[in-house]
Amino acid sequence: MHCAYACLEKLIVARHVSDCEEVYPTRSELGALVRLVNEELYRRIEAAEGTIGSLRESCAA
């Protein structure tokens, strides 16, 4: 979570423009951000599938 936040922070707010490490996110920070987004997306898809399943059961009854 910390790496994902650091990645977002670097993408949004550049502190020291002359220092590439401060401006550009590292590969591990970008990976952490993508993992976090994928986990949330998966969680929402699962919730939507559960809701759709419940609706189908309700309509079939």
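The preceding data block contains the structure.
Below: a short report on this structure. None of the values given here were measured: they were computed from a predicted structure.

Rules and cut-offs
- Residues numbered from 1 in each chain as written.
- Predicted model: local features only at pLDDT ≥ 70, side-chain atom pairs only at ≥ 80, totals over all residues.
- Heavy atoms only, no water.
- Buried < 20%, exposed > 50% of the residue type's maximum accessible area, 1.4 Å probe, protein only.
- Helix = DSSP H or I, 4+ residues; strand = E, 2+ residues; numbered from the N terminus.
- Arc of directions from axis to C-beta.
- Axes fitted to C-alpha atoms, helices over the stretch in contact; angles between N-to-C directions.
- Parallel < 35°, antiparallel > 145°, perpendicular 65-115°, else oblique.
- Contact = heavy atoms within 4.5 Å.
- Nonpolar A, V, L, I, M, F, W, Y, C, P; charged D, E, K, R; others polar.
- Expected span 1.5 Å × (residues − 1).

## Focus: helix α1 (residues 2-12)
Line of reasoning, step 1. For α1, the set of buried residues is A4, A6, C7 and K10. Looking down the long axis of α1, one finds its buried residues gathered within 160 degrees of arc, a one-sided arrangement. Opposite the buried face of α1, by more than 90 degrees, sit the exposed residues H2, Y5 and I12.

## Comments concerning the packing of α1 against helix α3 (residues 27-60)
Line of reasoning, step 1. It is the contact of α1 with α3, at a shortest axis distance of 7 Å, that shows an interaxial angle of 110 degrees. Here α1 is positioned roughly perpendicular relative to α3, judged by the angle of their axes. Contacts between α1 and α3 involve C3, A4, A6, C7, L8, K10 and L11 on the former and, on the latter, S28, E29, L30, A32, L33 and L36.
Line of reasoning, step 2. Residues that form the contact of α1 with α3 fall into these classes: 10 nonpolar, 1 polar and 2 charged.

## Some thoughts on α3
Line of reasoning, step 1. Given a rise of 1.5 Å per residue, 34 residues ought to cover 50 Å, and the 49 Å separating the end C-alpha atoms of α3 matches this to within 8%.
Line of reasoning, step 2. Every buried residue belonging to α3 is among E29, A32 and L33, and all of these are buried.
Line of reasoning, step 3. Where α3 is buried, its residues meet α1.

Coordinates in, geometry out; function isn't part of it.
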